2 protein chains.
Amino acid sequence: MSSGLNMSRRIRRTPYTDRVETAGVRGFTVVNHMLLPKAYQPSVEDDYWHLREHVQLWDVSCQRQVEIKGPDATKLVQWMTPRNLSHAKVGQCLYVPLIDECGGLINDPVLLKIEEDRYWLSIADSDVLLYAKGLAIGAGFEVNISEPDVSPLAVQGPKAEDLLASLFGESIRSIGFFRFAYVDFLGTQQLLARSGYSRQGGFEIYLKNSSLGSALWDTVWQAGESMNIRPGCPNLIERIEGGLFSYGNDMTRENTPLEIGLGKYCALDGSVNFIGKEPLLKIANEGVSREIRGVLFDGEACPTCSTPWPVMVGSRKVGEITSAIWSPRLHRNVGLSMIDRDYWDAGQDVMVLSSDGNRRTGIISDLPFA
Amino acid sequence: MSSGLNMSRRIRRTPYTDRVETAGVRGFTVVNHMLLPKAYQPSVEDDYWHLREHVQLWDVSCQRQVEIKGPDATKLVQWMTPRNLSHAKVGQCLYVPLIDECGGLINDPVLLKIEEDRYWLSIADSDVLLYAKGLAIGAGFEVNISEPDVSPLAVQGPKAEDLLASLFGESIRSIGFFRFAYVDFLGTQQLLARSGYSRQGGFEIYLKNSSLGSALWDTVWQAGESMNIRPGCPNLIERIEGGLFSYGNDMTRENTPLEIGLGKYCALDGSVNFIGKEPLLKIANEGVSREIRGVLFDGEACPTCSTPWPVMVGSRKVGEITSAIWSPRLHRNVGLSMIDRDYWDAGQDVMVLSSDGNRRTGIISDLPFA
């Protein structure tokens, strides 16, 4: 389902939007007050197969950076997340759930430790900058919080490494998963991380200096032409199959990280202090009453899930599907869902009430989907 | 300019979206992670003339409420804005710029004083809830901060009062501008304010309880049929002509309230304490170097302004246009712009470099446009 999106300065264009439009983008969504391409010709399904075999260029500038630097930067960042950051090293990317005083998720950014007292939170769709500013002002922390001119361009897919090695040299092959290094681009040093919002491998170039956007896009594009490069974007089929969650879709402030299966990113041993520690430890101790699961379900290709769909066992509502799409590989619909404890075991039979009015038989699955 | 908007749960539907779609909406934008209708048939120009004569129903649910209540609520709200709130009364709406520690605008909500220790900030497009939470957590304030299930439906235009009097009784005529009272709707008490994002007069119903959305829309619609009611939305022509500013478009964190002409909402006498007081008073003392102005400019109907357009005097850039559209009443293009001090007097000749590559002669104008 798509409809017209009216443009204005408030819906920010990115350093790559000109190129994205030339490349034939068919639709956008808005993340962090910025355009995120969501569809190219010919279809999401075609993009899916291509992403699994080749290499794609994604404008993910909307992953804005919240830079926190200064004497209290480490203290503030640790306070914002239940993840123990005491061993974090410069050059590392860390997935860090952020929670409020009740344990509810505020965002799930990737943290980049740029220097010992300088961090970037590469954020999902909520104004973490304002939250961090509020905390720093309220607590009197000595930090500087800003949104630098940094716009990630993702190179995703199995051929991404070969492509970037041809551009930036063989040394980029030694960058580990969720690690970053710097490469030279037109005389500037640019941060290159092995990361990205797919399970097909790849890198993200955190381009500093918007004016280089078109040049970077063109350079990567030309280097990829022999590899069948295409423009792309986070692919809903691949994301759901891979069990990659989306803030605002599969988790909101109504959810704790424990419900999203992020317990491994929470210092539940009480070793560090963070906002929401007491409620989170209490919930961990009691056990969660619902948790995220996959659902495989029947019938023709399902519509877009723009409001949660009830998941039923008999006449009892046991959960909700929050993202869903037809999987051309599994030949069934796949969904991400929040499911009550008594019904979350893989193999549980359920009924999905999709928004087209259909009742669809389904089954609970572990994540990622096989 | 519009393009496809891809839907998902993250781009929240409103209690009125079903009705808005049935009414033939042609496009949306996204504000506070929620759909805001932006165009109906036949055109923005047609909507403009209709709004000035009749009455329209606007889904402005995206004006989310940030509820702040508790013993420290008054203290927190006053800390967030330079406006002196010491005389604010229950039943009052107040336009309150929010600024950060540097004096930069974070939002420009309408504050509703619901009870002595309970407020709603009816916000523009930034996550004020997270900012308020950050401040409260950081400073240890005793408050509860939440987003209640409240979705404003605006009734705008010169016939709005007659329409609502026919529905809710003659007493609504005595509600003053930027005041609110409660009306009965299907046995529930609903907040009705004389306010709205147009200069044509009207009200906003702050509907509590999403499940009543379609019923409220239908009820107002039926009462308005004899008055030539139409679905509508904030109208760009009317907004610019009326000098109504838009956060994210005409002002950002790069601007102080003084640059936006909001000095009258700032206690520059030092009588209250607020975040950013010192830098704001310093700027007020020195005088601003740029300020918001209108620009009337020539040529055919201008394109959408999705990145700021330079405003030139000779070879010197003296400002930027941030919102612009063709005015069918003034037979010229009208724009809102940030203009340097030496060039901001009404009557100053300028050249506008619009994004279609045209150089257009223009003239600085006071706001609102005549």
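If you're wondering where the values come from, they're calculated on a predicted model, not measured in any experiment. (Residues numbered from 1 in each chain as written. Chains lettered and ligands numbered in written order. Predicted model: local features only at pLDDT ≥ 70, side-chain atom pairs only at ≥ 80, totals over all residues.)

Caption draft 1: Summary view of the domain arrangement of chain A. Residue and element names in this part refer to chain A. The domain architecture assigned to chain A consists of domain 1 (17-61 + 149-240), domain 2 (65-139) and domain 3 (289-370). Computed from C-alpha atoms alone, the centre-to-centre distance between domain 1 and domain 3 is 31 Å. Every element with two or more residues in the side of domain 1 that touches domain 3 is listed here: α2 (44-53) and α7 (236-241). A total of 3 residues in the side of domain 1 that touches domain 3 trace back to one element, the largest contributor, which is α7. Taken together, the residues of the side of domain 1 that touches domain 3 break down into 4 nonpolar, no polar and 1 charged. (Domains from an automatic or database assignment. Helix = DSSP H or I, 4+ residues; strand = E, 2+ residues; numbered from the N terminus. Nonpolar A, V, L, I, M, F, W, Y, C, P; charged D, E, K, R; others polar.)

Caption draft 2: Focus on the packing of helix α5 (residues 160-168) of chain A against helix α6 (residues 213-224) of chain A. All names here are of chain A. Orientation of α5 relative to α6, taken along the N-to-C sense of each, is 115°, at an axis distance of 9 Å. In terms of axis orientation, α5 runs roughly perpendicular to α6. Crossing angle aside, the handedness with which α5 passes α6 is right-handed. Between α5 and α6, the residues in contact are Leu163, Ser166 and Leu167 and Thr219, Val220, Ala223 and Gly224, respectively. Considered class by class, the residues forming the contact of α5 with α6 number 4 nonpolar, 3 polar and no charged. (Axes fitted to C-alpha atoms, helices over the stretch in contact; angles between N-to-C directions. Parallel < 35°, antiparallel > 145°, perpendicular 65-115°, else oblique. Left-handed = near helix turned anticlockwise from the far one by under 90°. Contact = placed C-beta atoms within 7 Å.)

Caption draft 3: Layout of the interface of chain A and chain B. Contacts between the two partners involve 46 residues from chain A, matched on the other side by 46 residues from chain B. Sorting elements by how many residues they give to the side of chain A that touches chain B places helix α4 (residues 128-139) of chain A first, with 10 residues. In terms of residue class, the side of chain A that touches chain B is built from 18 nonpolar, 18 polar and 10 charged.

Caption draft 4: Looking closely at the sheet that holds strand β9 (residues 110-115) of chain A. All names here are of chain A. Pairing within the open sheet is antiparallel, and its 5 strands lie in the order β6-β9-β10-β5-β11. Each of the sheet's edge strands pairs with one partner strand only, and the pair in question is β6 (93-95) and β11 (144-146). With strand direction ignored, the average angle separating the axes of adjacent strands in the sheet is 20°. As judged from the 3 bridges shared by β6 and β9, these two strands associate in the antiparallel manner. Each bridged residue has a counterpart across the sheet, and for tyrosine 95 the counterpart in β9 is valine 110. Across the face of the sheet, helix α3 (residues 73-80) comes into contact with β5 (65-69), β9 and β10 (118-122) while running at roughly 130° to β5. (Pairing = 2+ DSSP bridges.)

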